[in-house]
Amino acid sequence: MNEQLALWQIRLVALATAEAGSDGAHDITHLNRVWTNSMTLLSSHPEADGLVVLAACYMHDIVNLPKNHAERHLASQYAAALACERLMKAGFPADKMAALSHAIEAHSFSAGIPPETIEAKIVQDADRLDALGAVGLARLFYTAGHMGSALAHPTDPLALTRATDDQVYALDHIEKKLALLPASMQTEAGRKSGEVRLAWLRAFRDTFVAEWECRQH
């Protein structure tokens, strides 16, 4: 990481920390992991603007609404507006502001905004990777607990005879949303990593179901 990025990372961590709420699934450690994922993806895309990616990684959740909030799909647009406001005051390059705003707006799954730049594609992939694998699993159950969801359906945890409902059953979230992420990745490295992490999640799910199912004898 070059000197400019290192200096801006310090500023961005301070800004993000100042705006942080109490959501442990979207805290500073999440932002650090998204940046770590992004650095891996950036290595395959030297044409991307690292400063735009860095800033989007640390500011994309500056407005974070609960999963079941009525305006959840607008959160990334609110975040982009607030991030630009904060960073303008901090001296962020004005000519990079539009690219930053788009990268933040497009990162969100619920917003459904297609990423049109390589920076936005990298940030979206990096954020989605943190929803997969072991850390993604921990974040899943953390969020489900705060929403009051049950761990799994009592008799049909794999949703073989019912529609999935991840608002009610936490385990359903793996197939309802997370299983869709690898195919939605915008970079080849993101897809490959996503597939590995999804395989781990599905292996966990199978082990969970084997322990969960209780039959009367």
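Each remark here, short or long, concerns the structure printed above.
Residues numbered from 1 in each chain as written. Predicted model: local features only at pLDDT ≥ 70, side-chain atom pairs only at ≥ 80, totals over all residues. Heavy atoms only, no water.

Caption draft 1: Examining the side chain of E119 more closely. Mapped onto the elements of the fold, E119 is located in helix α6 (residues 118-129). It is K96 that comes nearest to the buried, bridge-free E119 among opposite-charge side chains, at 7.9 Å. If near-sequence neighbours (up to four positions away) are discounted, E119 is found in contact with E47, A48, D49, V52, V53 and A103. (Helix = DSSP H or I, 4+ residues; strand = E, 2+ residues; numbered from the N terminus. Buried < 20%, exposed > 50% of the residue type's maximum accessible area, 1.4 Å probe, protein only. Lys, Arg positive; Asp, Glu negative; His and termini not counted. Salt bridge = Lys/Arg side-chain N within 4 Å of Asp/Glu carboxyl O. Contact = heavy atoms within 4.5 Å.)

Caption draft 2: Spatial organisation of the packing of aromatic side chains. In this structure the tally under the stated criterion is five aromatic pairs. With centroids separated by 6.3 Å and ring planes inclined at 70 degrees, the aromatic side chains of F141 and F204 adopt a geometry described as edge-to-face. Here F141 is found in helix α7 (residues 133-147), whereas its partner F204 is found in helix α10 (residues 188-212), with 63 residues between them in sequence. Its relative accessible area of 22% is what places F141 among the partly exposed residues. Ring geometry for F204 and F208: centres 5.9 Å apart, planes at 45 degrees, overall tilted. (Phe/Tyr/Trp six-rings, centres within 6.5 Å; stacked < 30°, edge-to-face > 60°.)

Caption draft 3: Structural detail: helix α5 (residues 97-106). Within α5, seven of the 10 residues are buried, which leaves the element mostly enclosed by the surrounding structure. Where α5 is concerned, the buried positions are M97, L100, S101, H102, A103, I104 and A106. The inward-facing, buried residues of α5 contact α3 (50-59), α4 (75-89) and α6.

Caption draft 4: Looking closely at the nonpolar core. Residues L12, W35, L54, L87, F92, L100 and I104 are the most contacted members of the largest nonpolar core, which totals 37 residues. Among the elements of the structure, α1 (3-19), α2 (28-42), α3, α4, α5 and α6 are those that each provide at least two residues to this core. Per element, the largest residue contribution to this core is eight residues, and it comes from α3. For L54, the residues in contact, after removing those within four places along its chain, are L5, W8, Q9, L12 and W35. Among the nonpolar cores identified, the runner-up in size contains 16 residues, and L129, L140, A152 and F208 belong to it. (Core = buried A, V, L, I, M, F, W, Y, C linked by side-chain atoms within 4.5 Å.)

Caption draft 5: Seen up close, the environment of L15. With respect to the element layout, L15 can be found in helix α1. C-alpha separation for the pair L15 and L87, spaced 72 residues apart in sequence, amounts to 8.7 Å. Those residues in contact with L15 that lie beyond four places of it in its chain are M59, L87 and A90.

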